[in-house]
Amino acid sequence: MDSKITLSFDSEVIRDAKEYADNNDISLSRLVEFLLRRTILEQYGSLEEYPISGWVKQIADGRVEYYTPKRGRKDLKDEFFSSKK
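Below: a short report on this structure.

Scoring rules and cut-offs
- Residues numbered from 1 in each chain as written.
- Predicted model: local features only at pLDDT ≥ 70, side-chain atom pairs only at ≥ 80, totals over all residues.
- Heavy atoms only, no water.
- Helix = DSSP H or I, 4+ residues; strand = E, 2+ residues; numbered from the N terminus.
- Buried < 20%, exposed > 50% of the residue type's maximum accessible area, 1.4 Å probe, protein only.
- Areas by Shrake-Rupley, 256 points an atom, 1.4 Å probe, with all protein chains shown as cover.
- Salt bridge = Lys/Arg side-chain N within 4 Å of Asp/Glu carboxyl O.
- Patch = residues over 30% accessible without salt bridge, like charges linked within 9 Å, V, L, I, M, F, W, Y side chains within 5 Å.
- Expected span 1.5 Å × (residues − 1).
- Polar contact = N/O pair within 3.5 Å; in protein donor to acceptor, adjacent residues only side chain to side chain.

### As for the overall build of the protein chain
Here comes step 1: Each helix and strand counted, the protein chain has four helices and zero strands in total.
Here comes step 2: Residues classed as buried in the protein chain amount to 6% of the 85 residues present.
Here comes step 3: Put simply, the protein chain shows about 8300 Å² of open surface, and 54% of that area lies on carbon and sulfur atoms.

Shown next as structure tokens:
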């Protein structure tokens with residue numbers, strides 16, 4: 001039996017999720033249900049345990065960019081020489 005729930009998301013996320021669902025012939029409700037069910041059934045102890053790469057592949061569209069903090073020259077030099085030990 002289906003029940004209704006009200007959720008709040010960033011408007012860009014909603015727009016992209018609707019487009020993704022439409023492109024994959026699934027309703028937005030079923031998409032969210034699918035993702036929640038997968039999360040619950042796998043019984044992850046925390047969100048950190050959730051395999052984010054698999055989740056991203058399921059809903060991402062386009063090029064993914066990963067941002068890493070900028071490291072200074074000294075940090076890079078120290079890292080290089082410690083890896084040689």
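Right, picking up where we left off after that structure.
### Details of the pattern of salt bridges
Here comes step 1: Counted under the stated rule, the structure contains five salt bridges.
Here comes step 2: Here Arg30 ties to Glu33 by a salt bridge, and the two come within 2.6 Å at their closest N and O atoms. Of the two residues, Arg30 and Glu33 both sit in helix α2 (residues 28-41), three residues apart, roughly one turn of that helix.
Here comes step 3: Here Arg30 falls in the partly exposed class, since its relative accessible area comes to 37%.
Here comes step 4: The salt bridge involving Arg37 is made with Glu33; its shortest N-O contact spans 2.8 Å.

### Notes on a nonpolar patch on the surface
Here comes step 1: A grouping of Ile5, Leu7, Phe9 and Val13 is seen on the molecular surface, where their side chains present a nonpolar patch of about 420 Å² in accessible area.
Here comes step 2: Looking at the secondary structure, you find Leu7 in the segment before α1 (11-23).
Here comes step 3: Owing to a relative accessible area of 46%, Leu7 belongs among the partly exposed residues under this scheme.

### A few points about unusual backbone geometry
Here comes step 1: Residues other than glycine seldom take positive phi values, yet Asp25 does so here, at roughly 50°.
Here comes step 2: For Asp25, a relative accessible area of 74% puts it in the exposed group.

### Description of α1
Here comes step 1: End to end, α1 covers 18 Å across 13 residues, agreeing with the expected 18 Å (1.5 Å per residue, within 8%).
Here comes step 2: The N-cap of α1, judged by a side-chain oxygen 3.0 Å from the amide nitrogen of Glu12 a few residues on, is Asp10.

### Some thoughts on the environment of Val32
Here comes step 1: Relative to the helices and strands, Val32 is located in helix α2.
Here comes step 2: Since its relative accessible area comes to 26%, Val32 is described here as partly exposed.

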